[in-house]
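This is what each chain is made of:
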Amino acid sequence: MREVIFDSAREKFFDEFSHSWDTSGPSPGTDAVLTFLRRLHIDSDKTVLDVGTGTGLLIPHIFSFHPARIIALDLSAGMLEKLREKHSARFGARLVILQGDVHLLNLPDATLDIAICNGVYPHFRDKTLALSQLRRVLKKEGVLAVNHFAGREFINSIHGSSSHDLIRQDLLDPATILSETIAGCGFHVKELRDDANEFYVIAEKI
Ligand SMILES: C[S@@+](CC[C@H](N)C(=O)[O-])C[C@H]1O[C@@H](n2cnc3c(N)ncnc32)[C@H](O)[C@@H]1O
């Protein structure tokens, strides 16, 4: 079996960004965030995994739907430190902060209701391995959402012009192609959008 190695190259890249992420990264409006999250049917007994949570842009918005627990996962200790400063005191034990790589997901099988990948999917170096790990930890009929609060062309222009070789390769496929990849990993795709302002694919574990 092939050994899977923690993605320390992208960890370093995002660590360097962690101090400026909140002022230089995307800042979608509350309405756009809540409209997206409503599609995921988050409610009071749900456990939500926020994959590539960064400094926790989505955390207060996800908590506004009163889930039981959010697991905030990220490669970068620097990003998670910022998240901790902003959100730990307010959300206490219902917010679990986990440094890790989605490819080596250190969570038990079939325990999560919803996995959100916001602004992170193109950075997964092995898409089918990442999707199979997410499928493993989701319960049956658990929801997977891949989302960007911007259009695909914009995302690909930012990544494609990065000074970092790896990031230049981190491009987003059209949603129809991504849907086929997701379906091939054992999900049923329920909704997708790929226009100038929005990109998402929402699927359910079969
Ligand atoms: C572009 S930022 C988006 C952060 C946040 N979701 C947001 O919307 O503000 C991508 C984040 O994903 C993390 N990341 C990248 N690859 C990852 C992986 N394989 N496993 C876990 N986190 C990852 C990075 O460290 C970074 O914090």
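Definitions and cut-offs
- Residues numbered from 1 in each chain as written.
- Predicted model: local features only at pLDDT ≥ 70, side-chain atom pairs only at ≥ 80, totals over all residues.
- Heavy atoms only, no water.
- Helix = DSSP H or I, 4+ residues; strand = E, 2+ residues; numbered from the N terminus.
- Rg over C-alpha atoms; globule rule 2.2 N^0.38 Å.
- Buried < 20%, exposed > 50% of the residue type's maximum accessible area, 1.4 Å probe, protein only.
- Contact = heavy atoms within 4.5 Å.
- Near = heavy atom within 4 Å.
- Polar contact = N/O pair within 3.5 Å; in protein donor to acceptor, adjacent residues only side chain to side chain.
- Areas by Shrake-Rupley, 256 points an atom, 1.4 Å probe, with all protein chains shown as cover.
- 1 Å grid on protein atoms, 1.4 Å probe; cavity = no way out; pocket = protein on both sides within 12 Å on 5 of 7 lines; lining within 4 Å.
- Sits in = over half its atoms within 2 Å of the grid points.
- Pairing = 2+ DSSP bridges.
- Axes fitted to C-alpha atoms, helices over the stretch in contact; angles between N-to-C directions.
- Parallel < 35°, antiparallel > 145°, perpendicular 65-115°, else oblique.
- Nonpolar A, V, L, I, M, F, W, Y, C, P; charged D, E, K, R; others polar.
- Salt bridge = Lys/Arg side-chain N within 4 Å of Asp/Glu carboxyl O.
- Core = buried A, V, L, I, M, F, W, Y, C linked by side-chain atoms within 4.5 Å.

The next thing to look at is the overall build of the chain. A count of helices and strands for the chain gives nine helices and seven strands. Since a compact globule built from 206 residues should have a radius of gyration of about 17 Å, the 16 Å found for the chain is in line with a globular shape. Based on the C-alpha atoms only, the size of the chain along its principal axes is roughly 40 × 40 × 40 Å. Classification of the 206 residues of the chain by burial places 49% in the buried group. When contacts within the chain are restricted to residue pairs at least 6 apart in sequence, long-range pairs at least 24 apart make up 70% of them.

Below, the discussion takes up the site of the ligand. Within the structure, the ligand sits among 17 residues, and Gly-52, Asp-74, Asp-101, Val-102 and Asn-118 are positioned closest to it. At 2.7 Å, a backbone N or O of Gly-52 approaches a nitrogen atom of the ligand. Contacts to the ligand include Asn-118, whose backbone N or O atom sits 2.8 Å from a nitrogen atom. In the complex, the protein chains occlude 97% of the 600 Å² of accessible area that the ligand would expose alone. Mapping the ligand onto the cavity grids shows that it belongs to the largest pocket.

Strand order in the open sheet formed by seven strands is E3-E2-E1-E4-E5-E7-E6, with mixed pairing between adjacent strands. Strands with a single pairing partner mark the edges of an open sheet, and in this sheet they are strand E3 (95–99) and strand E6 (187–194). Neighbour-to-neighbour, the strand axes of the sheet open up by a mean angle of 15 degrees, direction not taken into account. The pairing of strand E2 (residues 69–74) with E3 spans five bridges and is parallel. The residue bridging Asp-74 from the neighbouring strand is Gln-99, located in E3. Packed onto the sheet, helix H5 (residues 77–91) meets E2 and E3 and runs at close to 170 degrees relative to E3. Running over the sheet, helix H6 (residues 127–137) touches strand E1 (47–51), strand E4 (112–118), strand E5 (138–148), E6 and strand E7 (199–205) and is turned about 140 degrees from E5.

Once that is clear, we can look at the packing of helix H1 (residues 8–17) against H5. H5 packs onto H1 with a crossing angle of 40 degrees between their chain directions and a minimal axis gap of 7 Å. Considering their axes alone, H1 and H5 lie oblique with respect to each other. For the pair formed by H1 and H5, the contact residues are Phe-14, Asp-15 and Phe-17 on the first element and Ala-77, Gly-78 and Met-79 on the second. In terms of residue class, the contact of H1 with H5 is made up of four nonpolar, one polar and one charged.

What follows covers the environment of Val-189. In this structure, Val-189 sits in strand E6. In the structure, Val-189 is positioned 16 residues away from Lys-205 in sequence and 8.9 Å away in space, judged by C-alpha atoms. Every residue in contact with Val-189, bar those within four places of it in the chain, is listed here: Ser-179, Ile-182, Ala-183, Val-201, Ile-202 and Ala-203.

For the rest of this paragraph, the subject is the pattern of salt bridges. Applying the stated criterion to the full structure yields 14 salt bridges. Lys-12 is paired through a salt bridge with Glu-16; the nearest N and O atoms lie 3.1 Å apart. Of the two residues, Lys-12 and Glu-16 both sit in helix H1, four residues apart, roughly one turn of that helix. Of the two residues examined, Lys-12 and Glu-16, each falls in the exposed class. Of the charged contacts, one joins Asp-113 and Lys-139 as a salt bridge, the two residues approaching to 3.1 Å between their closest N and O atoms. In this pair, Asp-113 sits in strand E4 while Lys-139 sits in strand E5, placing the two residues 26 residues apart along the sequence. On the accessibility criterion, Asp-113 (13% relative accessible area) is buried. Judged by relative accessible area, which is 32%, Lys-139 ranks as partly exposed.

Bringing the nonpolar core into the picture now. Leu-49, Leu-134, Leu-144 and Ile-182 are the most contacted members of the largest nonpolar core, which has 31 residues in total. Of all elements in the fold, only E1, E2, E4, H6, E5, helix H9 (175–184) and E7 reach the threshold of two or more residues within this core. If you tally residues by element for this core, the top one is H6, at four residues. When sequence neighbours within four positions are dropped, the list of residues in contact with Leu-49 reads Ile-71, Leu-73, Leu-105, Leu-107, Leu-112, Ile-114, Ala-115, Ile-116 and Leu-134. Among the nonpolar cores identified, the runner-up in size contains 25 residues, and Leu-58, Phe-65, Leu-80 and Phe-91 belong to it.

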